[in-house]
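# Architecture and fold: a report
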Amino acid sequence: MAEEKEPQLDIANFIDFIKSSFNATLENIYEIQELSEKVLAEISRNEKIIHDDAEKALRDFLNISKQSREEFKNVMEHGFRQLENIFKKN
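Figured I'd write up the structure that's included with this text.

Criteria and thresholds
Residues numbered from 1 in each chain as written. Predicted model: local features only at pLDDT ≥ 70, side-chain atom pairs only at ≥ 80, totals over all residues. Heavy atoms only, no water. Helix = DSSP H or I, 4+ residues; strand = E, 2+ residues; numbered from the N terminus. Buried < 20%, exposed > 50% of the residue type's maximum accessible area, 1.4 Å probe, protein only. Core = buried A, V, L, I, M, F, W, Y, C linked by side-chain atoms within 4.5 Å. Contact = heavy atoms within 4.5 Å. Salt bridge = Lys/Arg side-chain N within 4 Å of Asp/Glu carboxyl O. Patch = residues over 30% accessible without salt bridge, like charges linked within 9 Å, V, L, I, M, F, W, Y side chains within 5 Å. Areas by Shrake-Rupley, 256 points an atom, 1.4 Å probe, with all protein chains shown as cover. Phe/Tyr/Trp six-rings, centres within 6.5 Å; stacked < 30°, edge-to-face > 60°.

## Remarks on the overall build of the protein chain
The secondary structure content of the protein chain amounts to 2 helices and 0 strands. Each of the 90 residues in the protein chain was classed as buried or not, and the buried ones make up 16%.

Have a look at this one:
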């Protein structure tokens, strides 16, 4: 019976590893995006080269990026929950 549980434990551990790798990568993406937003905001404040329309387009792009990032995160977390339910039930 222990032999039957071992592959499931391996699969569960693998899912946990993939999930934590994904979360670490996502955190890095968050940090990069936040830093990029701060740099661009600072540039737009200090330089009059960026016109109002360009600044608005940039802000819209950053907001859409954040929303897309959250949607992607939610989809991945849902998928991880489904995998965990499948493999951890047995």
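## Re the nonpolar core
Considering soluble globular proteins, one finds that nonpolar side chains tend to be buried as a cluster. Core analysis: the biggest nonpolar cluster contains 5 residues, these being Ile-15, Phe-22, Leu-26, Tyr-30 and Phe-80. Setting aside chain neighbours within four positions, we find Ile-15 in contact with Phe-80, Leu-83, Glu-84 and Phe-87.

## A few points about the side chain of Glu-37
Relative to the assigned elements, Glu-37 resides in helix α1 (residues 2-46). Here Glu-37 falls in the buried class, since its relative accessible area comes to 17%. Aside from chain neighbours lying at most four places away, what touches Glu-37 is Arg-59, Leu-62 and Lys-66.

## A look at the pattern of salt bridges
Within this structure, the stated rule accounts for 5 salt bridges. Ionic pairing is found between Glu-34 and Lys-66, a salt bridge with its closest N-O pair at 3.8 Å. Separated by 32 residues along the polypeptide, Glu-34 in helix α1 and Lys-66 in helix α2 (residues 52-88) bring together distant segments of the chain. For Glu-34, a relative accessible area of 31% puts it in the partly exposed group.

## What about a nonpolar patch on the surface?
Nonpolar side chains collect at one region of the surface, where Phe-14, Phe-17 and Ile-18 lie side by side and expose about 320 Å² of accessible area between them. Examined against the element boundaries, Ile-18 turns out to sit in helix α1. Accessibility expressed as a relative area gives 34% for Ile-18, which makes it partly exposed.

## Some thoughts on the environment of Asp-16
For Asp-16, the location among the structural elements is in helix α1. Non-local contacts of Asp-16, meaning those with residues more than four positions away in its chain, are made with Glu-84 and Lys-88.

## Notes on the packing of aromatic side chains
For the structure on display, the rule yields 2 aromatic pairs. Centroid distance Phe-22 to Phe-72: 5.7 Å. Interplanar angle 65°. Geometry classified as edge-to-face. You can see Phe-22 sitting in helix α1 and its partner Phe-72 sitting in helix α2, a full 50 residues away along the chain. Classification of Phe-22 as buried rests on a relative accessible area of 12%. Residue Phe-72 is classed as partly exposed on the basis of its relative accessible area of 45%.

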